[in-house]
Amino acid sequence: MDTTESNDDKGKPPTKVKSVAASILGEFFDALEKEEGFGEAALCLRKVVLEDGVFAEPTIRVALFPDAS
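Basis of the calculations
Residues numbered from 1 in each chain as written. Predicted model: local features only at pLDDT ≥ 70, side-chain atom pairs only at ≥ 80, totals over all residues. Heavy atoms only, no water. Helix = DSSP H or I, 4+ residues; strand = E, 2+ residues; numbered from the N terminus. Buried < 20%, exposed > 50% of the residue type's maximum accessible area, 1.4 Å probe, protein only. Contact = heavy atoms within 4.5 Å. pLDDT = per-residue confidence, 0-100. Salt bridge = Lys/Arg side-chain N within 4 Å of Asp/Glu carboxyl O.

Let us look at the environment of Ala63. Secondary-structure assignment places Ala63 in helix 3 (residues 57–64). Judged by relative accessible area, which is 12%, Ala63 ranks as buried. Excluding its chain neighbours within four sequence positions, the residues that come into contact with Ala63 are Cys44, Leu45 and Val48.

The subject of this paragraph is the confidence of the model for the protein. Looking at the protein, the pLDDT average stands at 83 and 81% of residues meet or exceed 70. Of all secondary-structure elements in the protein, the lowest mean pLDDT belongs to helix 3, at 88, while helix 1 (residues 20–34) reaches the highest, 93.

Further remarks concern the pattern of salt bridges. The final tally for this structure, using the stated rule, is 4 salt bridges. The salt bridge partner of Lys47 is Asp52, with a shortest N-O separation of 2.9 Å. A relative accessible area of 41% means that Lys47 is categorised as partly exposed. Relative accessible area serves as the criterion here: at 43%, Asp52 is assigned to the partly exposed category. The partner of Glu57 in a salt bridge is Arg61, with the nearest N and O atoms 2.4 Å apart. Of this pair, Glu57 and Arg61 are both found in helix 3, 4 residues apart, which corresponds to roughly one turn of the helix. On the basis of relative accessibility, which here comes to 46%, the residue Arg61 falls in the partly exposed class. Members of the salt-bridge network, linked through shared partners, are Asp30, Glu33 and Arg46.

Structure below.
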C-alpha cells in the first residue's frame, strides 16, 4: 500500500468532503429556494442546518418564522 502523498498535494489544505446527509439537504434547499415564496426560508434553513450545524426545532422555527416571537 502506497501511503505517500504526491508533491502536488503538499501544502494544500485538505479537501472538505460533504456527508451524504449534507448533500441531500443541500439539494432539498436548492429545490425549495426555487419554489415561489420559499426563497428566503430556504436560505435561512440552509444557513442554520448546513452552515451552523443546528437541527433543533426552536432554531428551525425562528429561521422559518422570524417575526413570530
